[in-house]
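Residue strings, one per chain:
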Amino acid sequence: MSSERKARALAHNDRYLSPAKGELFRAIGIDLVIGRREGYSLWDLDGKELLDLHLNGGTYNLGHRHPELVAALRGALDDECLDVGNHHFPSEARGALAEALVASAPEGIARVVFASGGGEAVDVAIKSVRRATGRRRIVSAEGGYHGHTGLALAAGAARFRAPFLSDGDPGAFTHVPFGDLDALDRALAPGDAAAVILEPIPATAGFLLPPEGYLAGVRARCDAHGALLIADEVQTGLGRTGALWAIDGYGVRPDVIVSAKGLSGGLYPIAATLLSEAAGAWLRTDSHGHVSTFGGAELGCRVAQKVLEITTREATRDNVLFVASRLAEGLADLAARRPFLREVRQRGLVIGLSFARPDGGVHVMRRLYDLGVWAIVAGFDYGAIQVKPGLLWDEATTARALETLDAAIGDVARVL
Ligand SMILES: Cc1ncc(COP(=O)(O)O)c(C=O)c1O
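Residues numbered from 1 in each chain as written. Predicted model: local features only at pLDDT ≥ 70, side-chain atom pairs only at ≥ 80, totals over all residues. Heavy atoms only, no water.

A. Up close: the overall build of the protein. The helix and strand inventory of the protein stands at 15 helices and 15 strands. For the protein, the C-alpha radius of gyration of 21 Å lies close to 22 Å, the compact-globule estimate for 416 residues. Overall, the protein is about 60 × 55 × 45 Å in size when its C-alpha atoms are taken along their principal axes. Here the protein holds 416 residues, and the buried ones make up 52% of them. Pairs at least 24 apart in sequence give 72% of the contacts found in the protein among residues at least 6 apart. Across the protein, 44 positive and 50 negative side-chain charges occur, with their mean positions spaced 4 Å apart. (Helix = DSSP H or I, 4+ residues; strand = E, 2+ residues; numbered from the N terminus. Rg over C-alpha atoms; globule rule 2.2 N^0.38 Å. Buried < 20%, exposed > 50% of the residue type's maximum accessible area, 1.4 Å probe, protein only. Contact = heavy atoms within 4.5 Å. Lys, Arg positive; Asp, Glu negative; His and termini not counted. Charge placed at Lys NZ, Arg CZ, Asp CG, Glu CD.)

B. Region of interest: the packing of helix H3 (residues 67-78) against helix H12 (residues 298-311). Contact pair H3 / H12: the axes reach a minimum separation of 9 Å and the direction vectors enclose 150°. The pairing of H3 with H12 is recorded here as roughly antiparallel in orientation. Of the two elements, H3 crosses H12, and the hand of that crossing is right-handed. Contacts between H3 and H12 involve Glu68, Leu69, Ala72, Leu73, Ala76 and Leu77 on the former and, on the latter, Leu299, Arg302, Val303, Lys306, Val307 and Ile310. For the contact of H3 with H12, the per-class residue count stands at nine nonpolar, no polar and three charged. (Axes fitted to C-alpha atoms, helices over the stretch in contact; angles between N-to-C directions. Parallel < 35°, antiparallel > 145°, perpendicular 65-115°, else oblique. Left-handed = near helix turned anticlockwise from the far one by under 90°. Nonpolar A, V, L, I, M, F, W, Y, C, P; charged D, E, K, R; others polar.)

C. Spotlight on the sheet that holds strand E12 (residues 350-355). Taken in spatial order, the four strands of this open sheet run E11-E12-E15-E14, and their pairing is antiparallel. In the strand order of this sheet, the two ends are held by strand E11 (341-347) and strand E14 (377-378), each with one partner. Where E11 lies against E12, six bridges are found, and the strand directions are antiparallel. Its bridge partner lying in E12, Leu341 is registered against Phe355. Packed on one face of the sheet, helix H14 (residues 360-370) meets E12, E14 and strand E15 (381-387) and runs near 45° to E15. (Pairing = 2+ DSSP bridges.)

D. Just H12, in detail. With 14 residues, H12 should cover 20 Å at 1.5 Å per step; its first-to-last C-alpha distance of 20 Å lies within 8% of that length. Here H12 lies mainly inside the structure; 10 of its 14 residues are buried. Every buried residue of H12 is listed here: Glu298, Leu299, Gly300, Cys301, Val303, Ala304, Val307, Leu308, Ile310 and Thr311. Where H12 is buried, its residues touch H3, helix H4 (92-104) and helix H13 (314-337). (Expected span 1.5 Å × (residues − 1).)

E. A look at the site of the ligand. All residues adjacent to the ligand are Gly117, Gly118, Gly119, Tyr145, His146, Gly147, Glu199, Asp232, Val234, Gln235 and Lys261. Gly118 places a main-chain nitrogen or oxygen 2.8 Å from an oxygen atom of the ligand. One of the side-chain nitrogen or oxygen atoms of Gln235 is found 3.0 Å away from an oxygen atom of the ligand. In the complex, the protein chains occlude 79% of the 390 Å² of accessible area that the ligand would expose alone. (Near = heavy atom within 4 Å. Polar contact = N/O pair within 3.5 Å; in protein donor to acceptor, adjacent residues only side chain to side chain. Areas by Shrake-Rupley, 256 points an atom, 1.4 Å probe, with all protein chains shown as cover.)

F. Inspection of the packing of aromatic side chains at higher detail. Throughout the structure, instances matching the rule amount to five aromatic pairs. Ring centres 5.9 Å apart and planes at 80° place the aromatic pair Tyr145 and Phe160 in the edge-to-face group. Taken as a pair, Tyr145 in the loop between strand E5 (137-141) and helix H6 (150-155) and Phe160 in helix H7 (residues 158-161) lie far apart in primary sequence, 15 residues in all. Given a relative accessible area of 28%, Tyr145 falls into the partly exposed group. Positioned above the aromatic ring of Tyr250, the side-chain terminus of Arg347 is 3.7 Å from the ring centre. (Phe/Tyr/Trp six-rings, centres within 6.5 Å; stacked < 30°, edge-to-face > 60°. Lys NZ or Arg CZ within 6 Å of the ring centre and 35° of its normal.)

G. Geometry of the nonpolar core. In terms of nonpolar packing, the biggest core is built from 69 residues, with Leu101, Leu274, Leu353 and Ile385 touching the most fellow members. Looking at this core, you find at least three residues from each of domain 1 (32-65 + 319-415) and domain 2 (67-311). In this structure, Ile138, Ala172, Leu228 and Trp282 belong to the second largest nonpolar core, which totals 27 residues. (Core = buried A, V, L, I, M, F, W, Y, C linked by side-chain atoms within 4.5 Å. Domains from an automatic or database assignment.)

Structure, rendered in structure tokens:
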């Protein structure tokens, strides 16, 4: 039975917001309206508790309402020298975060442009590489996802760009299969590509792991053809893979890194495009080349700085490795016992589970929900689910996640 609050939220969604999305979820028995949230748990307005294994793509890497992040935001609100800021003027908060981000990044990253979300930050990345190279064409992966804004949308999958007639200028975007260096060679051969943009581990495709040597191969081909390399680290960045930036963990130096989601601590929207000196050269010459009123809002900068600090603590990094190895053991055992789990893709805490049916991910998502775990199907592969454990999970949470995955996968395999 729905509470009055929940019924009102569902009705408002259907009336004013997104009826199709509401219907889609309700059709598979999910009518979640998130109320209380704390750590890695969510409570539906009706009181049902869920372990959050989705984390909104890593927005809640450090959990919901992490006390140190809430304190950082409260402190910023109480600071009479801070608010959103004015994007025309230098800012202490923005400068300090930019310095921390550049220090965190692989060698070669030198500049930062702030945005209010991931799509906007990808747009800045694409604008920057075009301006730096004087070339228009962008090469990206089929099944990649970079957001729903203009250039980011055009770089992503047809599913989202085509209905909005947003394929970009004719010939300006080329999509190649992820993991296929020969296809990339052919796409870069004309010598007119500004950049290759890739998620190091494409999330919406079900966290496909790059084949051995693929990302280094992409870098080499970019260099050979005068193209730059953009790493979209909106989901893979900020410590999830064990390295702060996934691409760095693969030993590859990109020209541009995009960060969003987790940078906000789940409390104040903020995103960032990190640029090499060459990719960001326009910042030295064009004072108003790009502006964004809310990009780098100072309150968000203070939260993001705390996010970086917590994420790079030795204890956090050790915990990521500990949870990742527990999950690797547990998932290997699960896969051995349950053939319905066809493939485990894992790099640190970036995990995709692929099942032995093209709709297996939908069924497992649904059963997990019944059993108190919220994990989402991969949007471009309904046969897989995304599993996004938190950086600060403890042993009990890790065990609960494994037990529930075991039960859900077992139940689904039996029924189908
Ligand atoms: C890899 C990747 N890039 C970009 C984006 C876009 O971010 P935002 O929703 O903040 O615009 C997303 C969002 O899911 C993403 O997963």
